[in-house]
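Fold and contact review
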Amino acid sequence: MTDEIKHEWPLFEVFVRAKRGLNHVHVGSLRAADHEMALHHARDLYTRRNEGVSIWVVRSDDVASSSPEEKEAFFAPSGDKVYRHPTYYSIPDSVPHI
Amino acid sequence: MSFDAAYEALTDHDDDARWAYGTGFADPLAGVDTTVPADVDRADLSAYCLALGDDALIMSHRLQQWVTRAPELEDELALANIALDLLGQARLLLSRAAEVEDAGRDEDVLAYQRDAAEFRNVRLAERTDADFAHLVARLLVFATWRLALLDRLTASGDPVLAAIGAKGVKEVTYHRDYAAQWVVRLGDGTPLSHERMQAAVDAVTPLIGELFRPHPTEVRLAAVAVAVDPSALRPEFDAVWAQVLKAATLRPAADVPDEADSGVSASVAQDGADRGGSSGGPAGAGRTDFAPDGGGRDGVHTAALADILAELQGVARSLPGSEW
Amino acid sequence: MTATSITDTDEKAFTETIAKDQRVEPRDWMPEGYRRTMIRQIAQHAHSEIIGMQPEGEWITRAPSLRRKAILLAKVQDEAGHGLYLYSAAETLGADRGDLTRRLIEGRQKYSSIFNYPTLSFADVGVIGWLVDGAAICNQVPLCRSSYGPYARAMIRICKEESFHQRQGYELLMTMMRGTPAQREMVQDAVNRWWWPSLMMFGPPDDQSPNSAQSMAWKIKRHSNDELRQRFVDMSVPQAEALGVTLPDPELRWNDERGHWDFGPIDWSELKRVISGDGPCNALRIENRRRADEEGAWVREAAAAHARRRQEAGA
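Anyway, here's the lowdown on the structure attached to this text. (Residues numbered from 1 in each chain as written. Chains lettered and ligands numbered in written order. Predicted model: local features only at pLDDT ≥ 70, side-chain atom pairs only at ≥ 80, totals over all residues. Heavy atoms only, no water.)

Considering the pairing of strand β1 (residues 11–17) of chain A
All names here are of chain A. Most of β1 is tucked away: 5 of the 7 residues are buried. Remark: 6 residues form the turn of the hairpin made by β1 and strand β2 (residues 24–31), two consecutive strands paired antiparallel; Gly21 in that turn has positive phi of roughly 95 degrees. Pairing analysis gives 6 bridges linking β1 to strand β3 (residues 54–59), with the strands arranged antiparallel. By the bridge assignment for β3, Val16 is matched with Ile55. (Buried < 20%, exposed > 50% of the residue type's maximum accessible area, 1.4 Å probe, protein only. Helix = DSSP H or I, 4+ residues; strand = E, 2+ residues; numbered from the N terminus. Pairing = 2+ DSSP bridges.)

Shown next as structure tokens:
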């Protein structure tokens, strides 16, 4: 790594909670020297139009991710567990509120 | 998707909950009673709103000058945000000044048609920034002072000033935090940045005294609980300033003579009391770097303000009678 | 499983994703050519947003009313934001923003040539909003369905935010056209200068656009240059009429048979000249960017040094 690269700020991933009751959602990334700066920048960059009530920032280096090659092993097993889905169970239309 | 429905296509990829475009845009003066309180001198109130508005307008102008040349793109956004906040405050305050004055002027007439000696901003706001360290030092001083001021203004007897104060507190809290973080990073960064940050602190210090020297208008309005007596803000300012400098490993610029002080400061405030709020400073005193007989609140400015006004007002004045 | 068979599977998965109109995501396998094309296109788009701040940015401090000043400041700020969304999308492909910035200031990567024209009066702010942002929207709306997920998502956000950019420009022009004769003249003059460069924003004609076919196949691009250009002309003519300005093209006339407006030939030699760096403001725009980058270096270094020190102290 060259000296020049070392002076660049690390990448952070930004998650915004749009309003109370919703999950934080990934909205993009930005560069900052530290976490405080990342939060400031995230506010200015991703909530200019009142889009959020809460922000998380995470160093991109710290995000562990499943790889697409493992897709089958990771996600296929839940594909057949149809009994997790509410539509699996047939209930007569005459039964209300279920 | 039909290409004709290009805009609609934007929404079918988008659930509003995901991006939740802000619906929280509120008129800060909604529901606020705009009648001037009975025991308040209209000329004083107008002059006071003008002064606080000019502070914001001129400081915003200096920040606007950083747009497209900030040290990093993220800071372009931050500085533009701060400039926009202050411009918003300026518009509310100038509009209030015009409304209370009731002489047919509006925010634009006040911003574009006055000359330097009629501006009432503190001279800290007009100072040119030699580099980014100077900008953040000046912004820290400005925001710390203004936050303390706006915070007390929320209790003003003028409901409009109270509402402007309440809106401003939220904004300026962020400005102060942004500036403080940068002062600490640069002070405690590299040897070069430390040196530049210290030079900036030394350069801005002589402009601090003026911020806390009450103008007769402020004294009279503070007596009826409409304005804030700036001298009361000093302890809060000093505490924050010292704390940030310490965290930034910087030394306070000790024994720096106050630029506007030079032995007449206290008497200006006293003598000025019977001079009337809007009469202003001596005519033609607008282009000095050293002002022995008053400060920005009296209309005494440095050459830097004339430069700002040339830029700010040039287009508007070259096309008289135009609507924009 | 052999390496070859993995590649075959990967390529098949990629082709299927594109065929099914689904999005390619950052960690998916993708052909090197696709990755390169994507990085180049997103980077050029990001550079255009950042360089595009300059022609209008020059007027923020000079805006003739406080309302116009606030609008313009918010708009130029949006452009910085849009540049950042796009750099962020490029970084998901393994590009590095610092490296892309160096390519820009060393002249190794392009940006939209439209920003190499000067802004001579405040009417230019309005005309840029109306015509330049209008053309950009025509180009960008289809990109919201680009096959690369992060780019498409960035474009959705950008298009939503830019919807006010064009409207503010047009509104400014309407106000000026209702104003003094001098103001009306300023508007017409600005329209005269920006009309043809706006048409050139859609790129060379289809029969001279070598990369287009592959980009269309990969669904990076959705419509041809000429198609989008015609669309823009058709949109702009009635808008010009409503405004009361004349578009500077004597050959502009409605073609009943085609159901479109015919327009005169574009001077492509001028576009080539501007793209190759000979435009009125190329050197200035790059120089400004380079200076901001250089003058900010000590600040960025200080912040990095401070963060390292704090991390070491905390560890």
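A look at the interface of chain C and chain B
With 62 residues of chain C in contact, the opposing surface of chain B contributes 60 residues. A combined buried area of about 5,400 Å² lies between chain C and chain B, and 68% of that area is made up of carbon and sulfur atoms. Summed over the shared surface of chain C and chain B, the result is 4 salt bridges. A salt bridge links B:Glu74 to C:Arg97; the nearest nitrogen and oxygen atoms lie 2.7 Å apart. The interface formed by chain C and chain B includes 15 residue pairs in polar contact (both at pLDDT 80 or more). Elements represented by at least two residues in the side of chain C that touches chain B include exactly α3 (53–57), α4 (66–91), α6 (123–140), α7 (149–177), α8 (181–200), α10 (225–243), α12 (282–295) and α13 (297–314) of chain C. (Contact = heavy atoms within 4.5 Å. Buried area = accessible area lost by both parts, 1.4 Å probe. Salt bridge = Lys/Arg side-chain N within 4 Å of Asp/Glu carboxyl O. Polar contact = N/O pair within 3.5 Å; in protein donor to acceptor, adjacent residues only side chain to side chain.)

Things to note about the sheet that holds β3(A)
Residue and element names in this part refer to chain A. In spatial order, the strands read β2-β1-β3; together these 3 strands make up an open sheet with antiparallel pairing. In this open sheet, the two edge strands, each paired with only one partner strand, are β2 and β3. With direction set aside, neighbouring strand axes in the sheet form an average angle of 25 degrees. Bridge count between β1 and β2: 7 bridges; the pairing is antiparallel. Bridging across to β2, Val14 finds its partner in Gly28. Across the sheet, helix α2 (residues 35–46) is in contact with β1, β2 and β3; its angle to β2 comes to roughly 110 degrees. (Axes fitted to C-alpha atoms, helices over the stretch in contact; angles between N-to-C directions.)

Here's the deal with α7(C)
All names here are of chain C. A rise of 1.5 Å per residue sets the reference length of α7, with its 29 residues, at 42 Å; its end C-alpha atoms lie 42 Å apart and thus fit the reference within 8%. By the largest-angle criterion, Glu161 marks the main kink of α7, which is about 30 degrees. Most of α7 sits inside the fold, with 23 of its 29 residues counted as buried. (Expected span 1.5 Å × (residues − 1). Bend = angle between axes of the 7 residues up to and from the residue.)

A short note on the pattern of salt bridges
Summed over the entire model, instances satisfying the criterion amount to 52 salt bridges over all chains. Measuring nitrogen to oxygen at the nearest pair gives 2.8 Å for the salt bridge that ties C:Asp78 to A:Arg48. You can see C:Asp78 sitting in helix α4 and its partner A:Arg48 sitting in the loop between α2 and β3, one on each of two chains. Neither C:Asp78 nor A:Arg48 differs from the other in exposure class; each is buried. A salt bridge links C:Glu16 to C:Lys12; the shortest N-O distance between them is 3.6 Å. Separated by 4 residues within a single helix, C:Glu16 and C:Lys12 lie in helix α1 (residues 3–19), roughly one turn from each other. Residue classification places C:Glu16 among the partly exposed residues on the basis of a relative accessible area of 35%.

Re unusual backbone geometry
Residue and element names in this part refer to chain C. A positive phi angle is found at Asp21, which is not glycine, with a value near 65 degrees. Position of Asp21 among the secondary structure elements: in the loop between α1 and α2 (32–51). One non-glycine residue, Lys219, adopts positive backbone phi at about 60 degrees. Inspection of the secondary structure assignment puts Lys219 in the loop between α9 (212–217) and α10.

Looking at the interface of chain C and chain A
Taken together, the contact pairs 25 residues of chain C with 23 residues of chain A. When chain C packs against chain A, close to 2,100 Å² is buried across both sides, 45% of that on carbon and sulfur atoms. Contact with chain A buries surface across chain C, with C:Arg27, C:Arg102 and C:Arg157 losing the most and accounting together for 24% of the total. The interface formed by chain C and chain A contains 9 salt bridges. A salt bridge links A:Glu51 to C:Arg157, with the nearest nitrogen and oxygen atoms 3.4 Å apart. Where chain C meets chain A, there are 15 residue pairs in polar contact (both at pLDDT 80 or more). Elements supplying a minimum of two residues to the side of chain C that touches chain A: α4, α5 (97–105), α7 and α13 of chain C. Residues that form the side of chain C that touches chain A fall into these classes: 6 nonpolar, 6 polar and 13 charged. (Nonpolar A, V, L, I, M, F, W, Y, C, P; charged D, E, K, R; others polar.)

Coordinates in, geometry out; function isn't part of it.
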